[in-house]
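Structural characterization, general
Okay, here's what each chain looks like letter by letter:
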Amino acid sequence: MTFSIILFSITGLLLLLSFLKSKEKTKKALTIALKSFLNILPVMLGVIGLISLSLTLLPPSSIVKFFGQINLINTLTVAGIGSIMLIPGLIAFPLAAALLEQGAALPLVVIFITTLMMVGIMTLPMEIKFFGRNFALMRNIIGLAAALIVGVVMGVILA
Amino acid sequence: MTTLKRYRLFIAVLVITFLLTLKDISLGYQTLRVSGQYLLDMLTILPPIFILIGLLDVWVPKKIVEDNVGDQSGIKGILISIFVGSAAAGPLYAAFPVAEAMLRKGGSLANVVIFLGTWAAIKIPMIMMEVKYLGWTFSLTRLALTLPVIILSGFMMQNLLKSKGDANSTRKVDS
């Protein structure tokens, strides 16, 4: 919420400055803004629905059982869930801390939070709309690989 | 017909939610509640971001973006991308329109990917929270490992996509 307030204040201020400097250019900027927003709106509504459905059908509390043993199935499951879910840091970090406290394996927790951050299957339709399919798919696949690498190395270092 | 196609994901999700509600009313209610929350989230973040991009479009000349984060910007470009990405807050989807504007204004693909990566994984407001819950050792180790991986992935993607033509040309232009 604080982020939104700061964002709105900065935007309002810059908009005012722009308006004082040139009415024409400000109007053009707002037209561009409106057009881009309307362009992404359909996908955005779909993505919101996808996120909500996934959170309802797969609540964060249901995943605890995959964090105990380090094996291939758990690793893939944890990476998969992290890639699908879209949990804000405000919930993800306390969740990670709680998982570790309950004896979760560190590499799995790292893989989980890194995929949460870097891979977004739910927001993929939006990403494709902005950057095209090649870019979006490649960024997400590389993000997944990065999460696995960081997780394993952290497990070795902090073990 | 085109409108219908643009809304196909939304319509599909609506149908699934409807079926879910028929099966279990509490699950349907839960889905709607979460949707409302996320809708509010997106609506308080995306409109100002789009206005900022509109302003950037009309006021900031392409050359400035090109000089600072373009193909010839070198280490300076990488550092600026990391700095801007990590100073941000807010979810990654808020970074998409910003990154797209950066690309359109002449930013290099590597820098755009680095910007997205830092925004996603190592933005400073988030690190603060991470430290609070998981401690300095965990947080700094993750940071130290993730940052080089992000930079590497930027150049990897630049090289891979260059051979297929750059992202601007592969970008799907539909309205």
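None of the values given here were measured: they were computed from a predicted structure. (Residues numbered from 1 in each chain as written. Chains lettered and ligands numbered in written order. Predicted model: local features only at pLDDT ≥ 70, side-chain atom pairs only at ≥ 80, totals over all residues. Heavy atoms only, no water.)

This brings us to the interface of chain B and chain A. Counting residues at the interface gives 71 residues for chain B, matched by 71 residues for chain A. When the two sides are added together, the surface that chain B and chain A hide from each other amounts to roughly 6500 Å², 82% of it contributed by carbon and sulfur. The largest contributions to the chain B side of the interface with chain A come from Phe50(B), Trp59(B) and Phe96(B), which together make up 10% of the buried area. Where chain B packs against chain A, one counts zero salt bridges. For the interface between chain B and chain A, the tally reads six residue pairs in polar contact (both at pLDDT 80 or more). At the level of elements, α2 (8-23), α3 (25-59), α6 (95-104), α7 (109-121), α8 (124-162) and α9 (167-170) of chain B are the ones that each hand at least two residues to the side of chain B that touches chain A. By residue number, the principal contributor to the side of chain B that touches chain A is α3(B), which donates 23 residues. Considered class by class, the residues forming the side of chain B that touches chain A number 49 nonpolar, 13 polar and nine charged. (Contact = heavy atoms within 4.5 Å. Buried area = accessible area lost by both parts, 1.4 Å probe. Salt bridge = Lys/Arg side-chain N within 4 Å of Asp/Glu carboxyl O. Polar contact = N/O pair within 3.5 Å; in protein donor to acceptor, adjacent residues only side chain to side chain. Helix = DSSP H or I, 4+ residues; strand = E, 2+ residues; numbered from the N terminus. Nonpolar A, V, L, I, M, F, W, Y, C, P; charged D, E, K, R; others polar.)

A few words on the layout of surface pockets. Here the largest pocket defines a volume of roughly 1200 Å³. If you go around the largest pocket, you meet 42 residues; those closest to its centre are Pro88(A), Gly89(A), Leu90(A), Asp41(B) and Pro91(B). Listing elements by their share of the lining of the largest pocket, those giving two or more residues are α1 (2-21), α4 (89-101) and α5 (106-118) of chain A together with α3, α7 and α8 of chain B. Looking at the lining of the largest pocket, the element that brings in the most residues is α3(B), giving nine residues. Looking at the lining of the largest pocket residue by residue, the class counts come to 30 nonpolar, nine polar and three charged. Each pocket or cavity is described by its volume, and for the second largest pocket that value is around 870 Å³. Around the second largest pocket, the lining comprises 29 residues; the ones closest to its centre are Leu52(B), Ile53(B), Leu56(B), Val84(B) and Val98(B). Those elements giving two or more residues to the lining of the second largest pocket turn out to be α1 of chain A together with α3, α4 (62-69), α5 (74-87), α6 and α7 of chain B. Of all the elements, α1(A) adds the most residues to the lining of the second largest pocket, at eight residues. Partitioned by chemical class, the residues of the lining of the second largest pocket number 25 nonpolar, three polar and one charged. (1 Å grid on protein atoms, 1.4 Å probe; cavity = no way out; pocket = protein on both sides within 12 Å on 5 of 7 lines; lining within 4 Å. Points joined across faces, edges and corners; volume = space filled by probe spheres on them.)

Another aspect to go through is the side chain of Ser73(B). All names here are of chain B. Tracing the backbone through its elements, the reader meets Ser 73 in the loop between α4 and α5. At 3.2 Å, the side chain of Ser 73 and the side chain of Asn 111 are in polar contact. Beyond its immediate chain neighbours, meaning those up to four positions away, Ser 73 contacts Asp 67, Asn 68 and Asn 111.

What follows is about the pattern of salt bridges. Residue and element names in this part refer to chain A. Counted according to the given criterion, the structure contains five salt bridges over all chains. Of the charged contacts in the structure, one is a salt bridge between Arg 139 and Glu 127, with a shortest N-O distance of 2.5 Å. With Arg 139 in helix α7 (residues 133-158) and Glu 127 in helix α6 (residues 124-131), this pair connects stretches of sequence that are twelve residues apart. Grouping residues by exposure puts Arg 139 and Glu 127 together as buried. (Buried < 20%, exposed > 50% of the residue type's maximum accessible area, 1.4 Å probe, protein only.)

Considering all chains together, one arrives at one cavity of 30 Å³ or more under this definition. What the largest cavity holds in volume is close to 70 Å³. Residue lining of the largest cavity: Met118(A), Arg139(A), Ile142(A), Gly143(A), Val113(B), Gly117(B), Ile150(B), Ser153(B) and Met157(B), and that is the complete set. Listing elements by their share of the lining of the largest cavity, those giving two or more residues are α7 of chain A together with α7 and α8 of chain B. Looking at the lining of the largest cavity, its residues break down into five nonpolar, three polar and one charged.

Let us now look at α8(B). Relative to the 57 Å expected for 39 residues at 1.5 Å per residue, α8(B) spans just 31 Å between its end C-alpha atoms, considerably shorter than the ideal helical length. Of all bends in α8(B), the biggest is about 125°, found at Gly135(B). (Expected span 1.5 Å × (residues − 1). Bend = angle between axes of the 7 residues up to and from the residue.)

Our next topic: the packing of α5(B) against α7(B). Residue and element names in this part refer to chain B. It is the contact of α5 with α7, at a shortest axis distance of 7 Å, that shows an interaxial angle of 30°. Classified by the angle between their axes, α5 and α7 sit roughly parallel to one another. Like other packed secondary-structure pairs, α5 and α7 cross with a definite hand, here right-handed. Every residue of α7 that contacts α5 at Gly 77, Ile 78, Ser 81, Ile 82, Val 84, Gly 85 and Ser 86 is listed here: Asn 111, Ile 114, Phe 115, Thr 118 and Trp 119. Among the residues forming the contact of α5 with α7, the class breakdown is six nonpolar, six polar and no charged. (Axes fitted to C-alpha atoms, helices over the stretch in contact; angles between N-to-C directions. Parallel < 35°, antiparallel > 145°, perpendicular 65-115°, else oblique. Left-handed = near helix turned anticlockwise from the far one by under 90°.)

Further remarks concern the domain arrangement of chain B. Residues and elements named next belong to chain B. Taken as a whole, chain B is organised into domain 1 (1-47) and domain 2 (60-170). The gap between the C-alpha centroids of domain 1 and domain 2 is 30 Å. Contact with domain 1, which involves four residues of that partner, is made by four residues of domain 2. The largest per-residue losses of area from domain 1 upon contact with domain 2 belong to Met 42, Ile 45 and Leu 46, which jointly make up 90% of the total buried on that side. On inspection of domain 1 and its partner domain 2, the count reaches zero salt bridges. Connecting domain 1 to domain 2 are zero residue pairs in polar contact (both at pLDDT 80 or more). Grouping the amino acids of the side of domain 1 that touches domain 2 by side-chain chemistry returns three nonpolar, no polar and one charged. (Domains from an automatic or database assignment.)

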